[in-house]
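In case you want the letters, here they are:
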Amino acid sequence: MDSVKVKFLQLDQTDTLAKFRPEFFIPKNNLGDNTIYYCGNSLGLLSARAEKGVIQELEDWKKYGVEGHLQAENPWVHYHEFLNESMAEIVGALPSEVVMMNGLTSNLHFMMVSFYRPTKIRNKILIEYSAFPSDRYAVESQIRFHGFDPKDCLIILEPELGEDYISKENIAKVFEIHGESIALALIGSVNYYTGQAYPIHFITKIAHRYGAQVGFDLAHGAGNLLLHLHDDGPDFAVWCGYKYLNGGPGCIAGCFVHERHHDRPDLPRFSGWWAHDKKSRFKMSSKFELMKGAEGWQLSNPPILAMASMKQSLSIFHEAGMQNLRKKSIHMNSLLTSLLVEWDHPSISVITPQNIDENGCQLSIRLRQPDKSIFVALTNQGVIADWREPDVIRIAPVPLYNNFEELITFFNKFKQIVENYG
Ligand SMILES: *Cc1c(COP(=O)(O)O)cnc(C)c1O
C-alpha cells in the first residue's frame, strides 16, 4: 500500500468522530460495496437513530390514536419544543429564537411577510449572484405581490467580471450604490454553486447600517458551518432539514427570528393556531393571542414523523459537537484541496475559496471544458457526487459519516478518470 493511503488510514484510526459513521446507512453499489457518498449537501443519510425515532412515533400512533398528543412517549402537542435546544445549539441561537416548521421556501415567504415591507423609496431586495433558483423565485414573487417589478427591485450582489468569489469590497460597493433603497438583503451561505461561505457578521452589520433588514438562507450552512446567529444579529434565517442535518427527504425546515423581534405584535405576519399563545391555544377562542418568540411564526401543528427523524438526528449533532465536526471538516477539506492543487491538472479548477473562514464541507470543482461524462464516470465508479450545470462537480465530504480513506480513494479515481479523458 502506498504511503499516502497509509497516512489517510491512520487519520481514521485517531478520528474521535469515527464512531458515528457506523450509525449511518451508506448506500451500496451494484456489487454490494459502500459507495463514496459525497452528497450530504443535497440529501444527508439516514441514521439508525432517526429510523428508530420514526418507528417510535408510528408505534405510539398505533397504540394511542389521538391520545398520543398527550400520551405518546414524546407528547406530540409539544413536539417542536423538543428540537429547539439542540437546533439552537447548531446555529448559535437562543432556543426561543429557533423553530422547526414547514419547508425552507415556505419559511422564506413567511419571513418576508414580516421583514420585507417595501415602501416607495425603499423597496429593493438584494440577493447574491447564482442564488439558488427557489430563493430567486420566492423573492421575485414577493416583489410582485407588493405591486413592484423585479426588474426594478431585484439587485444582484455580483463578483468581479469573470470571477466567482464575492469579496467584502463587492458587498460594501453594492450597499454604497443601492443601500438607501434596499429593504431586504437575503443571502445564501454557503452558496450552493461555488461553495463560498459569505461573511454573515459583516453583511448583517453593513445592511443594518444602511437601514435594511437582513436574512440568510442557511440551507448549505446549518450543520456545516459554525454559526453564531444570535451574536451576528441578522433579523431572520431559514434552512432545510434534509441536507447536512440528515432529517430525511423533504424534512421539516428551520427558522430563526432574532430576539429583538420577539415581542413585535406590530410586525405583519400570516398566522395560524400554532402561533397562538400555547397556554390558552386549546380554549379555541376566536380572539388571537400571539405567542412570543420564533414560535409565534408557526401556523400548523407540525408533521410528527418528520420531526421524529429530525429530533434523533439533532441528538447526534449534540453528541458530536459542532466544533469537532467543523474541525474535522476543515481537515478533510484541506487534505483534498492540497491533493487537487498539487496535481494541478489543466482541465480542472477548484472554485471554492481555500480560506477556512470562507468555505464549508463542499468543494466545487470546475471542469474547464464542460464534459459531463467525467461526472458520469465517477458515478459509475461508485462516487455519489453531484453535477451543477454548466460545468461544476460538487463534492461534499461530511464529517459525521465520511472518512479520510474515502478522500484518497476518491482522489485516485478522479485523477485517473480526468487523465484518461486527456
Ligand atoms: C436546497 C435549497 C433550497 C430548497 O428549498 P426547499 O423549499 O427545501 O425545497 C432552497 N434554497 C437553497 C439555498 C437551497 O440550497
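What you are looking at is a predicted structure, and each value in this text was computed from that prediction instead of being measured. Residue positions are given per chain, counting from 1 as you read along its sequence in written order. Reporting in this predicted model follows two pLDDT cut-offs: at least 70 for local features of residues, and 80 or more for side-chain atom pairs to be given and counted; totals over whole chains, interfaces and linings ignore these cut-offs and use all residues. Values shown for side chains rest on all heavy atoms present in the structure; no hydrogens or waters enter the calculation.

**Q** Can you lay out unusual backbone geometry for me, pointing to particular residues and giving the numbers?
**A** A cis amide bond links S189 to the next residue, V190, at an omega of 5°. Tracing the backbone through its elements, the reader meets V190 in the loop between strand 5 (182-188) and helix 9 (200-209). Cis geometry is adopted by the peptide bond preceding P390, which originates at E389 and carries an omega value of 5°. One non-glycine residue, N246, adopts positive backbone phi at about 60°. For helices the rule is a DSSP run of H or I covering at least 4 residues; for strands it is a run of E covering at least 2, with both sets numbered from the N terminus onward. Summarising the element assignment, N246 is placed in the loop between strand 7 (236-239) and strand 8 (253-257).

**Q** So what about the side chain of R269? Which residues, and what values?
**A** As for its position among the elements, R269 is in the loop between strand 8 and helix 11 (304-320). Within the buried core, R269 has no salt-bridge partner, and the shortest N-O distance to an opposite charge, that of D266, equals 6.8 Å. Pairs of N or O atoms are called polar contacts if they sit within 3.5 Å, as long as, within protein, a hydrogen donor faces a hydrogen acceptor (for residues adjacent in sequence, only side-chain-to-side-chain pairs). Within the structure, the side chain of R269 is placed 3.3 Å from the backbone oxygen of R264, a separation counted as a polar contact. Polar side-chain contacts of R269 include one of 3.1 Å to the backbone oxygen of G296. Here's how the labels work: a residue is buried when its accessible area is under 20% of the maximum for its type, exposed when over 50%, partly exposed in between, all with a 1.4 Å probe on protein chains only. The positive count covers Lys and Arg only, the negative count covers Asp and Glu only, and His and the chain ends enter neither. By definition here, a salt bridge exists when the distance from a side-chain nitrogen of Lys or Arg to a carboxyl oxygen of Asp or Glu is within 4 Å.

**Q** Kindly report on the environment of I187, identifying the contributing residues and their values.
**A** Residue placement: I187 occurs in strand 5. Assessed through its relative accessible area of 1%, I187 is described here as buried. As for I187 and G215, which are separated by 28 residues in sequence, their C-alpha atoms are 6.6 Å apart. Any pair of residues with heavy atoms lying within 4.5 Å of one another is described as a contacting pair. Look past the residues within four positions of I187 in its chain and what remains in contact with it is L126, I127, E128, L157, Y198, I203, G215, F216 and D217.

**Q** Tell me what's going on with the packing of aromatic side chains, and back it up with residues and numbers.
**A** Pairing of aromatic side chains requires ring centres within 6.5 Å, counting the rings of Phe and Tyr and the six-membered ring of Trp. Pairs whose planes differ by under 30 degrees are stacked, by over 60 edge-to-face, and all others tilted. Applying the stated criterion to the full structure yields 16 aromatic pairs. Aromatic side chains F375 and W387 sit 6.1 Å apart centroid to centroid with 35° between the ring planes, which places their arrangement in the tilted category. On the criterion of sequence distance, the pair formed by F375 in helix 13 (residues 372-380) and W387 in strand 12 (residues 386-388) is long-range, its members being 12 residues apart. Of the two residues, F375 and W387, both sit in the buried class. Cluster of aromatic residues (ring-pair linked, three or more members): Y38, W343, F410, F411 and F414. The ring of F132 has K243 lying over it, and the distance from NZ or CZ to the ring centre is 5.0 Å. Comment: the charge-over-ring label is applied if NZ (Lys) or CZ (Arg) is within 6 Å of the ring centre and within 35 degrees of the ring normal.

**Q** Which residues make up helix 13, and what values go with them?
**A** Turning to helix 13, its buried residues are I374, F375, A377 and L378. The buried side chains of helix 13 occupy one side of the element, clustering within an arc of 160° when seen end-on. Lining the buried residues of helix 13 we find strand 10 (363-367), strand 11 (383-384), strand 12, strand 13 (392-395) and helix 14 (404-421). The positive-phi residue at the C-terminal boundary of helix 13 is G382, with phi of around 80°. Regarding the arc, it is the one traced by the directions from the helix axis to the C-beta atoms.

**Q** Before we move on, can you summarise the nonpolar core with the specific residues and values?
**A** Grouped together as the largest cluster of nonpolar side chains are 67 residues, with contacts concentrated most on M87, V91, F175, W239, L245 and L400. What marks off one domain from the next here is an automatic or database domain assignment. Residue assignment places this core across two domains, with domain 1 (3-34 + 321-421) and domain 2 (55-319) each supplying three or more. Apart from the residues lying within four places of it in its own chain, the contact partners of L400 are L17, F20, R21, F24, N246, I316, F317, A320 and L325. Working definition of a nonpolar core: buried Ala, Val, Leu, Ile, Met, Phe, Trp, Tyr and Cys residues. They are joined through side-chain atoms within 4.5 Å. Residues A385, I393, I408 and F410 belong to the second largest nonpolar core, which totals 32 residues.

**Q** Describe the domain arrangement of the protein chain, naming the residues involved and giving the relevant values.
**A** Along its sequence, the protein chain is organised into domain 1 (3-34 + 321-421) and domain 2 (55-319). Taking only C-alpha atoms, the centre of domain 1 and the centre of domain 2 are 29 Å apart. Contact with domain 1, which involves 29 residues of that partner, is made by 22 residues of domain 2. Carbon and sulfur atoms make up 57% of the area that domain 1 and domain 2 hide from each other, which totals about 2100 Å². Ranking the residues of domain 1 by area buried against domain 2 places M322, E358 and Q362 at the top, with a combined share of 26%. Taken together, the links from domain 1 to domain 2 amount to one salt bridge. Between R366 and D164 there is a salt bridge, with its nearest N and O atoms 3.0 Å apart. Summed over both partners, the accessible surface that disappears when two parts come together, traced with a 1.4 Å probe, is what is meant by buried area.

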